[in-house]
Amino acid sequence: MTDTVGYAVRDNVAVITIANPPVNATSQQVRTGLMAAIERVEADPEAGAAVITGAGRIFVGGADITEFGKAPLEPYLPDVVNRIEECTKPVVAAVNGAALGGGFEIALGAHVRMAAHTARVGLPEVTLGLIPGAGGTQRLPRLIGVGAAIDIITSGRQLSAQEAKKLGIFDDVVEADDLLNAATAKARSLASGEDSPRPCGQRPRPSIDPKELEAVRKKTAARHKGQIAQLAAIDAVEASTRLDLKDGLVEERSIFLTLMETPQRAALIHAFFAERRAAQLPEIAGVEPPPFAEIGIIGGGTMGAGIATAAAMAGLSVVLVEREAEFADKARQTIARNLAGAVERNKLSQEAHGRILNERLKTVVGYDALSNADIIIEAVFESMDVKKDVFNRLDTVAKAGATLATNTSYLDVNEIALATGRPQDVLGLHFFSPAHIMRLLEIVVADRTDRRHVARAFALAKRLGKVGVRAGVCDGFIGNRIMSHYRLAADYMMMDGASPYEIDAALTDFGFAMGPFQVADLAGIDIGYAARQRKAATRDPRERSVDFADTLYHKGWLGQKTGRGFYVYDGESPKGRPDPEVLDLLSEARREAGIEPRSFTAGEIQRRYMAAMINEAARVLADGIAQRPSDIDVVLLFGYGFPRWRGGPLHYADAYGLENVLVDIRKFAAEDPFYWSPAVLLEELVAENRSFSGLNDDSQVS
Ligand code: T1G
């Protein structure tokens, strides 16, 4: 065997163990080893049957994604799975942990599937722009039916062992410790001929009513607008209703290889690795993060309560401090509501919910309660004076070595740090609301922040299930700084003739979860108003300012929270409908500004919006606020609704062509040379015929 596939015979059963850390991905070595192991079982007189299992906590995490985009190497995974299914002796899959993608397909090739109660299965290929390419689209429908198979394959979701058993995927689910014994006992009974299981591939072709299939196709297209893999997966599953296994596998392979060449596959794989690369920083390489068990939070508003919820759900003990008992109680009620929502969404067990409220969460008055906290996060009012006062008081209360974090979304973390006698312990932890749901966490490293606190912050992000991204100190850090720039491009287009509704429609067609004016209504027109007031003091006089939204603010039209903003929200259209009065006000504002409105195509709206985003992202990168282009992609993907299947703004820029971005910017610069001045880094990359992806090597931080 290879050292990634072990083979050991025990009581007439060959146990084949896949050991390819960290996730037992089916690398070429694993595929070769599996092929050899099956051949060995057939020839081995000591083995009447075989069990396939994974070493460690994962069964098989899937095909080896690092091989994608390169020339495929034999043996191909579908051939390995076919070989398992054709084995002349019984093969039992002992699914000891996550069996994802190709891992699940290996289990489907086995004749019987048994799982540990902690195991999970899934076919996440569509999240990578692909479809299952090793028989999953042919075997799963034969096992559980077309409808259930399409749901699992097009959602890419993971199923618990219990749900999988209910669907008929697992023949048995046992305690994790008993799995190997149970599986070898099963294999032994199969070897003795007591039972002759029917391999998936030998089951009859499944069927589905054509009308039902059409309805599923329509629903899938609506749910995954703009994406291709989900619909291609339905085509592959549909083939299983028409073709025998062999021909169905040929059809699946053809669809799979076509998708392998698509820009969406490249973008989604980029996103997969970008998310994991963000935590790889030379400045914390080899730095052991100080342990943490207790999190202190100051401020029990939406953000503070959300952070407390996330920390408590991650098993940490939480002390939330408010100024008065009434506010402390209110915070507790907010947290309880958040937890109840998590239970409804199956993100938290009822038992854990109770344990948190009874044992793990304290909501009190008085900073003294923070004296044992390892990490203290303030989420108080966004005012420098208020924050300085908080940190000044923390200095006297927090224990030595505690990490002192501000949740500010734009204030100068260096200035806040100097409000304490321990600036080396201070950094920013910029959570995104709702903090117990949004996965992005900007970790803002100030000039004096000690690396151990940076390492601890990344360890906290991982513990909370968040994606930590390192940011330098500037107004808005990475995400908000870029957003405030491209948001202006939308405002300019609105004043120059495009309606807010055309702009939102063009950008949701591009793939954004919401357009900028829908976002403004969601966040609150008053929030935008406050930001404009704050920036007015320091705005460069050359910058064109647009204050149309202030008109709505002064009318009390603050967005969703008042039932009216750019859109009208009422019983008739809870999601909001265009407001003719807004258009009249806009025409009036254009007249007063002496603007002759012109029309914008959806394409031009998209090009302007993206050019602005890319231009400011290039500046953020050049200023060292972000460590690498893919970190900026991660921020926009996880915090601002950028479509994942486009990979993020800088991956998109490379795909669109940096020279094309620069041509757009230079064209727009004719009307506004200040706002559209090209980023120097962008001009350099174009001049040197380089791409942003070439800068995604290890972070520049020494
Ligand atoms: N291939 C290569 N490397 C992988 C990998 C994979 N499939 N999955 C994870 N890694 C790396 C990851 O980059 C990280 O590297 C390390 O392993 C730990 O990952 C033919 C075509 C399995 C649930 O989409 O969902 O099968 O940062 O931090 O939190 O039909 O990894 O340490 O250098 O995520 O414990 C389908 C992807 C592939 C599953 C474990 N499979 N992986 O989570 O660890 S396509 C997937 C995951 C396919 C077939 C098709 C998770 C995990 P580094 P991690 P984790």
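Keep in mind it's a predicted model, so treat the numbers as computed, not measured.

### Some points on the overall build of the protein chain
Piece 1. For the protein chain, the helix and strand inventory stands at 28 helices and 20 strands.
Piece 2. What you see for the protein chain is a C-alpha radius of gyration of 28 Å, in line with the 27 Å of a compact globule of 702 residues.
Piece 3. Principal axes of the C-alpha set define a box for the protein chain whose edges measure 85 × 60 × 55 Å.
Piece 4. The buried share among the 702 residues of the protein chain stands at 57%.
Piece 5. Taking contacts inside the protein chain between residues at least 6 apart in sequence as the whole, the part at least 24 apart equals 74%.
Piece 6. Of the roughly 29,000 Å² that the protein chain leaves accessible, carbon and sulfur atoms contribute 51%.
Piece 7. For the protein chain, the distance from the average position of its 79 positive side-chain charges to the average position of its 92 negative side-chain charges is 2 Å.

### A few points about the site of the ligand
Piece 1. Residues in close proximity to the ligand total 28 residues, the closest being R57, A63, G102, E105 and E125.
Piece 2. Contact between the ligand and G102: an oxygen atom at 2.8 Å from a main-chain N or O atom of the residue.
Piece 3. Between E125 and the ligand, the recorded distance is 2.7 Å, taken from a side-chain N or O atom to an oxygen atom.
Piece 4. Protein burial of the ligand: of its 1,000 Å² of free accessible surface, 76% is covered by the chains.
Piece 5. It is helix α11 (residues 263–277) that contributes the most residues to the shell around the ligand, three residues altogether.

### As for the sheet that holds strand β7 (residues 112–116)
Piece 1. The six strands lie next to each other as β1-β2-β3-β5-β7-β10, forming an open sheet whose pairing is mixed. Since the sheet does not close on itself, it has two edges, and those belong to β1 (5–10) and β10 (172–174), each with one partner. Shown here is a sheet whose adjacent strand axes are inclined to one another by a mean of 20°, direction ignored.
Piece 2. Where β1 lies against strand β2 (residues 13–18), six bridges are found, and the strand directions are antiparallel.

### Observations concerning the pairing of strand β14 (residues 375–378)
Piece 1. Residue alternation in β14 divides its side chains into two sets, I375 and I377 and I376 and E378, and both sets are buried.
Piece 2. Two strands pair when backbone bridges link them, and strand β11 (residues 294–298) and β14 are joined in this way by four bridges, in the parallel orientation. Residue pairing in the sheet places I297 in a bridge with I377 of β14.
Piece 3. The pairing of β14 with strand β15 (residues 403–406) spans four bridges and is classified as parallel. Note that in β15 the partner of I376 across the bridge is L404.
Piece 4. Crossover handedness for the path β14 to helix α15 (residues 384–397) to β15: right-handed.

### Points about the UniProt feature "domain: 3-hydroxyacyl-CoA dehydrogenase C-terminal" (unreviewed entry) in the protein chain
Piece 1. The UniProt record annotates "domain: 3-hydroxyacyl-CoA dehydrogenase C-terminal" (unreviewed entry) at residues 476–569 and 606–690.
Piece 2. This span, residues 476–569, is 60% helix and 3% strand, and a straight line between its end C-alpha atoms measures 30 Å.
Piece 3. Spanning residues 606–690, this segment combines 66% helix with 0% strand, and its end C-alpha atoms are found 24 Å apart.

### Let's talk about the sheet that holds strand β4 (residues 58–60)
Piece 1. If you walk across this open sheet you meet the four strands as β4-β6-β8-β9, and the pairing is mixed. Only two strands of the sheet have a single neighbouring strand rather than two, namely β4 and β9 (158–160). Along the sheet, successive strands turn relative to each other by an average axial angle of 20°, direction set aside.
Piece 2. Where β4 and strand β6 (residues 98–100) come together, two bridges link them in parallel fashion. Residue pairing across strands places V60 opposite A99, the latter belonging to β6.

### Some words on the domain arrangement of the protein chain
Piece 1. Partitioning the protein chain into structural domains gives domain 1 (5–261), domain 2 (292–471) and domain 3 (479–695).
Piece 2. For domain 1 and domain 2, the distance between their C-alpha centroids amounts to 42 Å.

### Description of the pattern of salt bridges
A pair can form between side chains of opposite charge whenever their charged atoms are brought close.
Piece 1. Across all of its chains, the model carries 44 salt bridges by this definition.
Piece 2. A salt bridge links D526 to K561; its shortest N-O distance comes to 2.8 Å. Here D526, found in helix α21 (residues 525–536), pairs with K561, found in the loop between α22 (548–554) and β19 (567–570); they are 35 residues apart in sequence, far enough to count as distant.
Piece 3. R539 serves as the salt-bridge partner of E543, at 3.2 Å between the closest nitrogen and oxygen.
Piece 4. A relative accessible area of 27% means that E543 is categorised as partly exposed.

### Thoughts on the UniProt feature "domain: 3-hydroxyacyl-CoA dehydrogenase NAD binding" (unreviewed entry) in the protein chain
Piece 1. In this numbering, the UniProt entry assigns the feature "domain: 3-hydroxyacyl-CoA dehydrogenase NAD binding" (unreviewed entry) to residues 295–471.
Piece 2. Helix makes up 42% of residues 295–471 and strand makes up 22%, while its end C-alpha atoms are separated by 22 Å.

### Some thoughts on the packing of aromatic side chains
Piece 1. Under the definition given, this model contains 17 aromatic pairs.
Piece 2. Ring centres of Y501 and Y567 lie 4.9 Å apart, and the angle between their planes is 70°; on these two criteria the pair is classed as edge-to-face. A residue pair is termed long-range when its members are at least 10 positions apart, and Y501 in helix α19 (residues 500–510) and Y567 in strand β19 qualify at 66 residues.
Piece 3. Accessibility expressed as a relative area gives 11% for Y501, which makes it buried.
Piece 4. Seen from their ring centres, F510 and Y652 are 5.3 Å apart, and the 75° between their planes marks the pair as edge-to-face. One end of the pair, F510, is in helix α19; the other, Y652, is in helix α26 (residues 649–656), with 142 residues separating them in the sequence. For the pair shown, F510 and Y652 are each scored as buried.
Piece 5. Linked through ring pairs, Y486, F510, F512, Y609, F642, Y652 and Y656 together constitute an aromatic cluster.
Piece 6. For R534, the ring lying beneath its charged end belongs to Y410, and the centroid distance is 3.4 Å.
Piece 7. Positioned over the ring face of W557 is R564, at 3.7 Å from the centre of the ring.

### Notes on unusual backbone geometry
Piece 1. Residue P75 is bonded to the preceding E74 through a cis peptide linkage, with omega at -5°.
Piece 2. With respect to the element layout, P75 can be found in the loop between β4 and α2 (77–85).
Piece 3. Note that the residue after S433, namely P434, is joined by a cis bond; omega there is -5°.
Piece 4. Note on placement: P434 falls in the loop between β16 (426–431) and β17 (440–444).

### Considerations on the packing of helix α3 (residues 102–109) against helix α4 (residues 136–144)
Two measures define how a pair of helices packs: the angle their axes make with one another and the distance between the axes.
Piece 1. For the pair α3 and α4, interaxial distance at closest approach is 10 Å and the crossing angle is 55°. If you check the angle between α3 and α4, you find them oblique. When you trace α3 past α4, the crossing you get is left-handed. Taken together, the residues of α4 that come into contact with α3 (itself represented by F104, E105, L108 and G109) are G136, R139, L140 and L143.

So, how was this worked out
- Residues numbered from 1 in each chain as written.
- Predicted model: local features only at pLDDT ≥ 70, side-chain atom pairs only at ≥ 80, totals over all residues.
- Heavy atoms only, no water.
- Helix = DSSP H or I, 4+ residues; strand = E, 2+ residues; numbered from the N terminus.
- Rg over C-alpha atoms; globule rule 2.2 N^0.38 Å.
- Buried < 20%, exposed > 50% of the residue type's maximum accessible area, 1.4 Å probe, protein only.
- Contact = heavy atoms within 4.5 Å.
- Areas by Shrake-Rupley, 256 points an atom, 1.4 Å probe, with all protein chains shown as cover.
- Lys, Arg positive; Asp, Glu negative; His and termini not counted.
- Charge placed at Lys NZ, Arg CZ, Asp CG, Glu CD.
- Near = heavy atom within 4 Å.
- Polar contact = N/O pair within 3.5 Å; in protein donor to acceptor, adjacent residues only side chain to side chain.
- Pairing = 2+ DSSP bridges.
- Axes fitted to C-alpha atoms, helices over the stretch in contact; angles between N-to-C directions.
- Right-handed = clockwise from strand over helix to strand, strands pointing away.
- UniProt positions renumbered as here; feature names shortened; annotations may be inferred.
- Domains from an automatic or database assignment.
- Salt bridge = Lys/Arg side-chain N within 4 Å of Asp/Glu carboxyl O.
- Phe/Tyr/Trp six-rings, centres within 6.5 Å; stacked < 30°, edge-to-face > 60°.
- Lys NZ or Arg CZ within 6 Å of the ring centre and 35° of its normal.
- Parallel < 35°, antiparallel > 145°, perpendicular 65-115°, else oblique.
- Left-handed = near helix turned anticlockwise from the far one by under 90°.

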